[in-house]
Amino acid sequence: MHPSEVLFQGTRQPLLLPACDHYAGSEKLMRKSIALQQELGPLFDITFDCEDGASAGNEEAHARLVAELLLSAENKFGRIGARVHDLHSPHFERDVEIICGSAGHKLAYVVLPKPDSVQQVMRAIDVINAYAAKSGRAGSSPLPVHVLIETHGALHDVYAIAALPQVECLSFGIMDFVSAHYGAVPGNAMRTPGQFTHPLVVRAKLEIAAACHAHGKVPSHNVTTEIKDPAVVANDAQRAAAEFGYTRMWSIHPNQIKPVIKAFTPRLSEVNEATHILQDAERVQWGPISQNGRLHDRASYRYYWTVLQRARLAGLALPEAAAALLNPVEPVSEAK
């Protein structure tokens, strides 16, 4: 049996997404992002922004541009999503109609900002599905939805939102969340070090991460507003991964993409350790083993299996033995 079948019997295997979600809101930046993705490969996602990261006053034309780029040959890997306006906006349904209705089959996901409750997320998903069906995106392959948790109500309902089958990722909107406290949380809690120490912000980050992991979804860490110093975003990404359990993070500048990917990519030493443990486990048909004086069983095998998957997703050159575990050779059937 393949490791994914053995290790996740009776449970849904956790979703995995590229570690970096790069936002672009103008035509120039969207085209530049696509060119960079073509150069690096599908190591990061691109989110075309119709909301806060886009200029105001030309919403319908912007949505049409997003659909046009999604349908173009430049969308080589199918790893481009779109953030639409929030459910309360007069532009929400028109965004969804234009983008999902015409390009839903080429869209990786839709990002839904500023919901106040799980009921609002469900209503938005109904609208998304109705229009996405027109482009052939329905049935067994519904359009994935990413939800921005940036209001008190959404944080209150975060476990219920994460449990929705069509939701695959929750992102933390730190700036809107801090602003929603109307001065009770200081502005420095939007950036390091305050974002990792203020109790209300820490609580929100942990609730989001915990809800995602409870339901096998992907927690995506908030943006780093410092765009000139890559060391700042690298530090934020490392802390988000090591201390808060996030497996994905926003980027708002091309210089942030590589530091984010690197921070969330397992080290080669971790990959080698995971490979040795899983090889030994496979030899005993996934029963318990002892390696270097430590006991391992299926509980730890699931962790090491995820290490290999994350390494592959990040484009890390894997040892031959690791690649064999991830991609077992299919037996050749005899011709009839």
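Each value, and the rule that gives it
- Residues numbered from 1 in each chain as written.
- Predicted model: local features only at pLDDT ≥ 70, side-chain atom pairs only at ≥ 80, totals over all residues.
- Heavy atoms only, no water.
- Salt bridge = Lys/Arg side-chain N within 4 Å of Asp/Glu carboxyl O.
- Helix = DSSP H or I, 4+ residues; strand = E, 2+ residues; numbered from the N terminus.
- Buried < 20%, exposed > 50% of the residue type's maximum accessible area, 1.4 Å probe, protein only.
- Polar contact = N/O pair within 3.5 Å; in protein donor to acceptor, adjacent residues only side chain to side chain.
- Contact = heavy atoms within 4.5 Å.

Overview of the pattern of salt bridges
- Inspection of every chain in the model, using the stated rule, returns 15 salt bridges.
- Put simply, R64 and E60 hold a salt bridge, and the shortest N to O gap is 3.1 Å. You can see R64 and its partner E60 sitting in helix α3 (residues 59-71), four residues apart, about one turn around the helix.
- Here R64 falls in the partly exposed class, since its relative accessible area comes to 43%.
- Since its relative accessible area comes to 37%, E60 is described here as partly exposed.
- Salt-bridge contacts for R94 lead to E97; the nearest nitrogen and oxygen are separated by 2.8 Å. Of the two residues, R94 and E97 are both situated in helix α4 (residues 92-103); the distance of three residues between them amounts to about one turn of the helix.
- Take R94: its relative accessible area is 31%, and that puts it in the partly exposed class.

Brief notes about the side chain of S117
- Summarising the element assignment, S117 is placed in the loop between β4 (110-112) and α5 (118-132).
- A distance of 3.2 Å separates a polar atom in the side chain of S117 from the backbone nitrogen of Q120.
- Ignoring anything within four residues of it in the chain, the contact list for S117 reads G153, A154, D157 and I161.

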